[in-house]
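# Observations on chain architecture
Single-letter residue listing:
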Amino acid sequence: MRAPFLLFPLFIFCGLLNAQTVKIEYAGDPLPDKDRRNIEEFISYEVDFYTQFGLPDTLTLQLHVFEDRKKAMEYLESVDIHLSLPFKASGIYSPKLQKAIILGREKGQERSLAIIYHELSHHFVRQILGRFPPSWLNEGLSEYFEHCKVTKKGLRHTFTEYEQGRIRTMYMLGEIDLSAFMNSGRGKFMKRQATDEQYSYILAHALVTFWIEKVPRDTMKKLIVSLQNKNDSSTVSERIDSVYPGGFLKFEKDFEAAYK
């Protein structure tokens, strides 16, 4: 059965966030006012982070929320989006629609908000890096913000004990080849994610956490600027080699020391 888009009410919030004009369009099942306030406050932090990499001054974010997963899948079919989704996927970002879609809120309010922050991050990444950003960076940034909460002191990020242990196990088993992982396309990235205990998402989360929290901000900016240059055919590892102090080998050693 097809679920017509017009069956779902539309809510629009438009405001100024850190000198950016951001329009958030809410579609689907209504969100409580508290959730919308939380989303808008959190988005201000995401906008502040991505602005340093050349985020456009005016943005429109589309968020389509479903309470029920079955209705969400019917909607995807109605707009001709046929995806092979991981079984546990709770949300997607559609480059075709430029829309974050939440595939049910059965896991609760807090979890669904984290998924919203994850999916909206994909929109920001594509604004600064185009249609095909490196998978580790795209998903790693989304995982980073998914694991953040707003506190009185600002945004607080958590890299969980399970994730830390998983990275140590990867190193112990000799499973980490950073060059191959960071140069790989989305197909290999998602295949490894589906078959190896969240390998790809956890490693991507660890890498982005390292770049944000351990690497000088100017170095990360240089990497993003390099990735924005579509005339450069260098691999990701070659770009890191050119911007990271000491080159890619030093980066590998520093990352391993941070987590092993």
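Conventions and cut-offs
- The written sequence of each chain sets the order in which its residues are numbered from 1.
- Reporting in this predicted model follows two pLDDT cut-offs: at least 70 for local features of residues, and 80 or more for side-chain atom pairs to be given and counted; totals over whole chains, interfaces and linings ignore these cut-offs and use all residues.
- Excluding hydrogens and water, the side-chain values take into account all heavy atoms of the structure.
- Helix and strand assignments come from DSSP, with helices taken as H or I runs of at least 4 residues and strands as E runs of at least 2, each series counted from the N terminus.
- Three exposure classes are used, based on accessible area relative to the maximum for each residue type with a 1.4 Å probe and protein chains only: buried under 20%, partly exposed in between, and exposed over 50%.
- Residue contacts are defined here by distance: any two heavy atoms, one from each residue, within 4.5 Å place the two residues in contact.
- Aromatic pairs are defined between Phe, Tyr and Trp rings, using the six-membered ring for Trp, whenever the two ring centres lie within 6.5 Å; interplanar angles under 30 degrees are classed as stacked, those over 60 as edge-to-face, and all others as tilted.
- Working rule: Lys NZ or Arg CZ, within 6 Å of ring centre, within 35 degrees of ring normal, means a charge sits over the ring.
- Put simply, a nonpolar core is a bunch of buried Ala, Val, Leu, Ile, Met, Phe, Trp, Tyr and Cys residues held in one set by side-chain atoms that sit within 4.5 Å of each other.
- Any carboxyl oxygen of Asp or Glu within 4 Å of a side-chain nitrogen of Lys or Arg constitutes a salt bridge here.
- pLDDT expresses, on a scale from 0 to 100, how confident the predictor is about each individual residue.
- The arc in question is the one traced by the directions running from the helix axis out to the C-beta atoms.
- Here a helix's expected span is defined as the number of its residues, less one, multiplied by 1.5 Å.

Attention now moves to the environment of Lys149. Within the secondary structure, Lys149 is located in strand β6 (residues 148-151). Exposure remark for Lys149: the relative accessible area of 43% places this residue in the partly exposed category. The sequence separation of Lys149 and Ala114 amounts to 35 residues, and the corresponding C-alpha distance is 8.6 Å. Other than its neighbours up to four places away in sequence, Lys149 contacts Phe42, Glu110, Gly154, Leu155 and Arg156.

A word on the packing of aromatic side chains. When we look at a pair of aromatic rings, we describe it by the centre distance and by the angle of the planes. Throughout the structure, instances matching the rule amount to 22 aromatic pairs. Ring centres of Phe181 and Tyr199 lie 5.9 Å apart, and the angle between their planes is 80 degrees; on these two criteria the pair is classed as edge-to-face. Of this pair, Phe181 sits in helix α6 (residues 178-183) while Tyr199 sits in helix α8 (residues 199-213), and the two are 18 residues apart along the sequence. Note on accessibility: Phe181 and Tyr199 belong to one class, buried. The structure contains a cluster of three or more aromatic residues connected by ring pairs, namely Phe159, Tyr171, Phe210, Trp211, Tyr244, Phe248, Phe251, Phe255 and Tyr259. Lying across the ring of Tyr26, Arg36 places its NZ or CZ 4.9 Å from the centre. The side chain of Arg192 reaches across the aromatic face of Tyr199, ending 3.8 Å from its centre.

Before going further, it helps to spend a moment on the side chain of Ser200. In this structure, Ser200 sits in helix α8. Classification of Ser200 by relative accessible area gives buried; the value is 0%. Filtering out sequence-adjacent residues up to four positions away, Ser200 remains in contact with Phe181, Phe189, Arg192 and Gln193.

Within the largest apolar cluster, 67 residues are counted, with the highest numbers of intra-cluster contacts made by Trp136, Met182, Trp211 and Phe251. Examining the composition of this core, we find that 10 residues originate from one element, α8, more than from any other. Leave out the neighbours within four places in its chain, and Trp136 touches Phe181, Met182, Phe189, Ala204, Leu207, Val208, Trp211, Leu223 and Val236. In this structure, Phe66, Leu76, Ile101 and Leu103 belong to the second largest nonpolar core, which totals 9 residues.

What follows covers the side chain of Ser142. Here Ser142 shows up in helix α4 (residues 135-146). On the basis of relative accessibility, which here comes to 0%, the residue Ser142 falls in the buried class. For Ser142, the contacting residues outside a window of four places in its chain are His118, Ser121 and His122.

Phi at Asp80 is positive, roughly 60 degrees, even though this residue is not glycine. Residue class for Asp80 comes out partly exposed when judged on its relative accessible area of 47%. Phi is positive for Gln198, close to 60 degrees, though the residue is something other than glycine. Tracing the backbone shows Gln198 in the loop between α7 (186-195) and α8. A relative accessible area of 42% means that Gln198 is categorised as partly exposed.

The full count for this structure, using the stated rule, is 11 salt bridges. Glu256 is the partner of Lys260 in a salt bridge, and the nearest nitrogen-oxygen pair spans 3.1 Å. Assessed through its relative accessible area of 57%, Lys260 is described here as exposed. When salt bridges that share partners are traced, they join Asp35, Glu67 and Arg105 into one network.

Turning next to the confidence of the model for the chain. Interpretation of this model should avoid reading the predicted coordinates in detail wherever pLDDT is low. Summing up the model confidence of the chain, the mean pLDDT is 89 and the portion of residues at 70 or higher is 90%. Considering only residues more than four positions removed or in separate chains, one finds that residues 1-18, a stretch of pLDDT under 50, has 51 contacts.

On to helix α10 (residues 236-243). Side chains three or four residues apart in an α-helix point the same way, a direct result of the helix having 3.6 residues per turn. Taken together, the buried positions of α10 are Val236, Ser237, Arg239, Ile240 and Val243. Along the axis of α10, the buried residues cluster in a sector spanning 160 degrees; they form a single face. Residues of α10 that are buried in the fold lie against α4, α6, α8, α9 (217-228) and α11 (247-259).

Attention now goes to helix α5 (residues 161-172). The end-to-end C-alpha distance of α5, which contains 12 residues, comes to 16 Å, matching closely the 16 Å that a straight helix rising 1.5 Å per residue would cover. Those residues of α5 lying buried are Glu163, Arg166, Ile167, Met170 and Tyr171. Buried residues in α5, looked at end-on, bunch into an arc of 140 degrees, giving them a common side. Summarising the geometry of α5, the exposed residues directed more than 90 degrees from the buried face are Glu161 and Met172. Packed against the buried residues of α5 are α6, α8 and α11. Where α5 terminates, the next one or two residues include Gly174, which has phi positive at roughly 70 degrees.

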